[in-house]
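# Coordinate analysis (summary)
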Amino acid sequence: MRLFLAIELPTALLETLEAALAMLRAEAPELAWVAPPKRHLTLRFLGDVPGVRLEAVVAVAESAAAKHRPFAMEIGGLGAFPNFRRARVVWIGVAQEPRLELLHHDVEVAADTHGFGIEGRAFRPHVTLARVRTPLPEDRMRRFARAARKIDFSATCAVEEITLFESTLAPDGARYRKVHAATLAGGGR
Ligand code: 2AM
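Structural notes, computed from the coordinates. (Residues numbered from 1 in each chain as written. Predicted model: local features only at pLDDT ≥ 70, side-chain atom pairs only at ≥ 80, totals over all residues. Heavy atoms only, no water.)

### Some thoughts on the pattern of salt bridges
As enumerated under the stated definition, the model contains 11 salt bridges in all. Residue Arg 121 is joined to Glu 119 by a salt bridge in which the shortest nitrogen-to-oxygen separation is 3.9 Å. Here Arg 175 ties to Asp 172 by a salt bridge, and the two come within 3.1 Å at their closest N and O atoms. The class of Arg 175 is partly exposed, set by a relative accessible area of 47%. Shared partners join several salt bridges into a network, and the residues in it are Glu 8, Glu 161 and Lys 178. (Salt bridge = Lys/Arg side-chain N within 4 Å of Asp/Glu carboxyl O. Buried < 20%, exposed > 50% of the residue type's maximum accessible area, 1.4 Å probe, protein only.)

What follows is the structure, encoded as structure tokens:
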């Protein structure tokens, strides 16, 4: 099973975000835009995990979630990986939030404890909006970056659970199925 742990975003937020992106989408309709219901903040991508290890992944989510109580995070600010000029992924960011950093840290520790290892790369919390399969010509990319920087969207959202998703790859893009939700149960932190 191809699995990942993520934070889901509320439907209302996804809808207002989509409306705010209309002009930007029109600038580059040929990008692989992620459908709003498929947008989320990935905490940890686990990749292919044998079915028998599913319970261990659930335990990772549960043990990290148990250490935290719900908190708020702020979504806003468009960017690209590695940058707009060579963009592969266009995203909306998350304002620096110590509780999110700690939650991610605890997911990493739990993943290690359960034998999945530590991912070891910097956590750059983001919500992928579009993937760039074929680079745009330079002038169009410059225009796109300018339009992206003008998007005025920010929203606060409550983080109340860690969701375990199964991703199934298909020719028309990955499908995500919610496998488990671990509630931030209000533990020690
Ligand atoms: P992304 O949001 O930055 O694209 C499901 O594929 C989720 O896992 C995506 O949201 C994706 O992050 C994330 N992910 C992280 N590493 C990945 C990888 N090596 N392959 C596919 N998805 C990955």
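Don't stop here, the text continues.
### Things to note about unusual backbone geometry
Residues Phe 81 and Pro 82 are joined by a peptide bond in cis, for which omega reads -10°. Its place among the elements puts Pro 82 in the loop between strand 4 (71-81) and strand 5 (89-94). (Helix = DSSP H or I, 4+ residues; strand = E, 2+ residues; numbered from the N terminus.)

### Things to note about helix 1 (residues 11-20)
Of all the positions in helix 1, only Leu 13, Leu 14 and Leu 17 are classed as buried. Buried positions in helix 1, seen along its axis, are confined to an arc of 100° and lie on one side of it. Counted as exposed and oriented over 90 degrees from the buried face of helix 1: Thr 11, Ala 12, Glu 15 and Ala 19. On its buried face, helix 1 sits against strand 4, strand 5, strand 6 (126-131) and strand 7 (154-159). (Arc of directions from axis to C-beta. Contact = heavy atoms within 4.5 Å.)

### Comments concerning the packing of helix 3 (residues 54-66) against helix 4 (residues 98-113)
The angle between the axes and the distance between the axes are what describe a pair of packed helices. Interaxial distance between helix 3 and helix 4 falls to 8 Å at its minimum, and their mutual angle equals 140°. When the interaxial angle is binned, helix 3 and helix 4 end up oblique. Of the two possible hands of crossing, helix 3 and helix 4 adopt the one that is right-handed. Only Leu 103, Asp 106, Val 107, Ala 110 and Ala 111 of helix 4 make contact with helix 3, whose side of the interface consists of Val 60, Ser 63 and Ala 64. Taken together, the residues that form the contact of helix 3 with helix 4 break down as 6 nonpolar, 1 polar and 1 charged. (Axes fitted to C-alpha atoms, helices over the stretch in contact; angles between N-to-C directions. Parallel < 35°, antiparallel > 145°, perpendicular 65-115°, else oblique. Left-handed = near helix turned anticlockwise from the far one by under 90°. Nonpolar A, V, L, I, M, F, W, Y, C, P; charged D, E, K, R; others polar.)

### Notes on helix 5 (residues 138-150)
Compared with an ideal rise of 1.5 Å per residue, which puts 13 residues at 18 Å, helix 5 spans 19 Å between its outermost C-alpha atoms and is within 8% of the ideal. Among all positions in helix 5, only Met 141, Phe 144, Ala 145 and Ala 148 are buried. Each buried residue of helix 5 sits inside an arc of 100° when the element is viewed along its axis, so together they form one side. Where helix 5 is buried, its residues touch helix 2 (22-27), strand 2 (32-33), strand 4 and strand 5. (Expected span 1.5 Å × (residues − 1).)

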